[in-house]
Amino acid sequence: MVGEEHKRVLDPEHDAAALKALTHPLRIRLLGLLRQDGPATASELAVRTGETSASTSYHLRVLAKYAFVAEAEHRDRRERRWRAVHLVTSWSNKAMDAAPQSRAFVSFARRRQIEHLEASLVRHEADVAAGRLGQEWLEPSDITDLLLRLTPESLTELRQVLDRKVEELTTRDAGDPRAAQVVFLIAGLPLAPYDPLDPDASVPVSADEDAS
């Protein structure tokens with residue numbers, strides 16, 4: 001679990017402009033790259049995203065305006081490096097549900113997380129195939145898709161247990177040279193019972209349990 005000093009908690013009432021700034025796909029991608037791989041220049045990020053340096057520079061300045069990124073230590077005076085100010089952006093789902101704009105932001109952010117998972121899977125498979133990851137990572141790496149029947153209280157408890165365990169393990173492994181960056185996404189999305197007579201009802205989904 002990320003400490004509070006490394007977390008940016010957004011309030012939809014006071015951070016409306018910041019929320020709007022983050023809804024640009026390139027900005028949220030730039031922020032993600034800085035969090036994942038560390039400080040970089042606009043030119044370096046332009047190469048990675050396929051954008052122009054002028055475009056990445058502009059969007060980095062917007063992110064800096066709302067305190068998502070800041071200038072990092074420069075290697076020399078010819079470059080301007082940027083770093084992410086926080087490791088995590090979070091919010092209260094209940095607070096975000098109060099207005100259409102903030103609800104739309106949550107939906108946008110969640111879909112970007114799904115895209116991040118897909119991109120991470122591609123990178124993981126390429127790293128395995130190229131031998132950049134050792135064989136010891138093959139068995140513990142997986143994606144599990146489960147359908148659970150839980151109460152709201154149990155789902156909350158499950159998240160709290162996971163948070164505590166993540167904090168325990170990341171603290172334990174902080175100084176271990178064998179530790180690697182791991183993309184770990186958690187989703188707990190309750191679904192209403194499927195009603196075949198409701199034209200607005202979603203198509204039921206199925207899940208395959210990964211028994212590794």
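Just so it is clear, the model here is predicted, and its values are computed rather than measured.

**Student:** Which residues make up the side chain of T56, and what values go with them?
**Tutor:** By secondary structure assignment, the location of T56 is in helix α4 (residues 53-65). Leaving out residues up to four positions away in the same chain, T56 has contacts with L30, A42, L45, A46, T49 and E51.

**Student:** Provide a residue-level description of the pairing of strand β4 (residues 81-84), including the pertinent values.
**Tutor:** Relative to β4, strand β2 (residues 40-41) is paired through 2 bridges, and the arrangement is antiparallel. Counterpart to T41 in the pairing with β4 is R81. Bridging between strand β3 (residues 69-71) and β4 involves 3 bridges; their strand directions are antiparallel. When the bridges of β4 are listed, A70 appears paired with R83.

**Student:** I'd like to hear about the nonpolar core, residue by residue, with values.
**Tutor:** In this structure, L34 and F68 are the most contacted members of the largest nonpolar core, which totals 22 residues. Listed by contribution, the elements that provide at least two residues to this core are α1 (16-22), α2 (25-37), α3 (42-49), α4, β4 and α6 (100-129). The greatest single-element share of this core, amounting to 5 residues, is contributed by α2.

About the thresholds
- Residues numbered from 1 in each chain as written.
- Predicted model: local features only at pLDDT ≥ 70, side-chain atom pairs only at ≥ 80, totals over all residues.
- Heavy atoms only, no water.
- Helix = DSSP H or I, 4+ residues; strand = E, 2+ residues; numbered from the N terminus.
- Contact = heavy atoms within 4.5 Å.
- Pairing = 2+ DSSP bridges.
- Core = buried A, V, L, I, M, F, W, Y, C linked by side-chain atoms within 4.5 Å.
- Buried < 20%, exposed > 50% of the residue type's maximum accessible area, 1.4 Å probe, protein only.

Scope: geometric values only; no functional claims are made or implied.
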